[in-house]
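The primary structure of each chain is shown beneath.
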Amino acid sequence: MMPELTWSVVDLRLRHIFTIARGSRTVVPTVLVRFTHDGVTGYGEASPLARYGESVATIAAFLGRINSSVIADFADPDAFLDLVGALAPGNGSAKAAVDIALHDWIGKRTDTPVWKYFGIERPEAPPSSITIGIDEPDVVERKLEEAGAFATLKVKMGMPGDRDFLLTVRKFTTKPIRVDANEGWRTREEAIDHLRWLAGMGVELVEQPLPAGDPEGIAWLRERTEIPLYADEDILGYPDLVRVAGAYDGVNIKLMKSGGLREARRLIGAARNLGLKIMIGCMIETSVGISAAAQLAPLADATDLDGALLVLNDPFEGVVAQDGQIHLGDFAGIGARPGVA
C-alpha cells in the first residue's frame, strides 16, 4: 500500500495569556501530521506563525499538494524532502511537519532514536530555559513559582514599560536571564539604551534586539555591548545565516522556521563553520515538535524547548525539559507518543 499522509488541527490552550512584542494569545492552533506506512505511524507538527506568513489554512493547502507522485519517493528521504521543499517557497512549519513525521517513521521502523540516526554520539543536551511572557506582577510571581527548578529564564521584552516588567521578575528571582526582544526595539538608539541598562541585570544574552534585515545595525550594537546577541527572526535558512554572519554572536534555530530536522541539522553545521553559537528553540508546540527539536539539542550551546510546558491540553507525551533537563533516552523515532490531554 502507498504511504498515507493525514493531518488534524488542535487548538492549544495556554496556561497563561502569552504576551510578546507582537501581541497576546490565549489559544494557539497547531497542525498535527501523521505519516503511516506498513503499520507504522510517524508524527509531525506544524505550528504556524503569522510573522512568517503561515496559518492553519496555508499549512492545509501546502499539505494538500503532497500527492501520490510526491509521496512515492519517501523511501529516499533526501529525494522526498527535496520534492516537498520544491512544492512552494516558504511554508517552513508545514515542511517541518512532513520532515518530522518522516524521521519519526524512519526511527520507529528501524528502532533508532533520531539523535542516533543523525550520528550524534551522546544524548546529552544543555538545560533549557523557560519563558516568562510579559504580565502583571502577581502573575509573574505565579509563573516563577511554576518555573520550579529551571535554572535559566527567558524574559520577553520589546514593549513599552518592559523595564518595569524585568524589574518585577528580578524582585522575585536572581536566576540568570535571557532576554528576547522579538524585534520590539525599533532603532539602534533605543536598543543600545536597553542593552546598556540590561548590562547590570544578570542577562546572559539578548535575542533579536532589532527588526530582522538590519545586520549593520546589529554589528553596530555588538560593538557597543558585551551582552551576546542572538538572531531569531533574522534566520530562516542558509542565505540568512550567511547574511548575518559576523554581526551576531549566535543564532536561534527552530524546526518551524528552517523546515524540519534535516535543514536544521544543516544550519547547525553551517553556523558552526561561521563561528556562531547555537541555540535550539521552539514555538508554542505540543510534545511532538518539542521532542523532535530535542533530538538536535546535544549539538547546541543553549536550548529553549519549553513550548509544550506552556500548554494545558498537550495531546502527546514525549521528551520534555523537566525542570530544565532534557532526557532523550532511547525511544525510537522522536520519542513522542499519544497521551491524554
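With that settled, consider a negative patch on the surface. A contiguous patch of negative charge, built from E136, D138, E141, E145 and E146, is present on the exposed surface. You can call E146 partly exposed: its relative accessible area is 47%.

Moving on: helix α4 (residues 92-110). Between its first and last C-alpha, α4 extends 27 Å over 19 residues, near the 27 Å set by a 1.5 Å rise per residue. Burial analysis of α4 places 16 of its 19 residues in the buried class, which makes it a mostly covered element. Looking one or two residues past α4, D111 carries a phi angle of roughly 55 degrees, positive in sign.

Before going further, it helps to examine the pattern of salt bridges. Evaluation of the coordinates by the stated rule reveals 25 salt bridges. Between D82 and R262 there is a salt bridge, with the nearest N and O atoms lying 3.0 Å from each other. Here R262 lies in helix α12 (residues 261-273) and D82 lies in helix α3 (residues 77-85), a separation of 180 residues in the sequence. One salt-bridge network, held together by shared partners, links D78, D82, R262, E263 and R266.

Applying the stated criterion across every chain yields a total of 6 aromatic pairs. Taken together, a centroid distance of 4.9 Å and an interplanar angle of 70 degrees make the contact between Y43 and F316 edge-to-face. Taken together, the positions of Y43 in strand β3 (residues 40-46) and F316 in strand β12 (residues 316-317) put the pair 273 residues apart, joining distant regions of the chain. One aromatic cluster is present, formed by F35, F74, F80 and W105 through successive ring pairs. Taking NZ or CZ as reference, R337 lies 4.5 Å from the ring centre of F331, over its face.

Cut-offs and rules
Position numbers for residues start from 1 in each chain and track the written sequence from start to end. Thresholds applied to this predicted model are a pLDDT of at least 70 for local features of residues and 80 or more for the giving and counting of side-chain atom pairs; totals over whole chains, interfaces and linings are not thresholded and use all residues. The side-chain figures draw on all heavy atoms in the structure; neither hydrogens nor water molecules are used. The patches reported here contain residues having more than 30% relative accessible area and no salt bridge. Joining distances are 9 Å for like charges and 5 Å for nonpolar side chains (Val, Leu, Ile, Met, Phe, Trp, Tyr). Using a 1.4 Å probe, the Shrake-Rupley method yields the accessible areas, and only the shown protein chains count as cover for residues. The term salt bridge refers to a side-chain nitrogen of Lys or Arg lying within 4 Å of a carboxyl oxygen of Asp or Glu. The positive count covers Lys and Arg only, the negative count covers Asp and Glu only, and His and the chain ends enter neither. A charge is said to be at NZ when it belongs to Lys, at CZ for Arg, at CG for Asp and at CD for Glu. Burial classification: accessible surface area is computed with a 1.4 Å probe over protein chains only, and a residue below 20% of its type maximum counts as buried, one above 50% as exposed, and the rest as partly exposed. In this description a helix means any DSSP run of H or I spanning at least four residues, a strand means any run of E spanning at least two, and both kinds are numbered starting from the N terminus. Residue count minus one, scaled by 1.5 Å, sets the expected span of a helix. Two aromatic rings from Phe, Tyr or Trp, using only the six-membered ring of Trp, form a pair when their centres are within 6.5 Å; if the ring planes differ by under 30 degrees the pair is stacked, by over 60 it is edge-to-face, and anything between is tilted. Two thresholds decide whether a charge sits over a ring: the Lys NZ or Arg CZ must be within 6 Å of the ring centre and within 35 degrees of the ring normal.

Shape is all these values report; function is a separate question.
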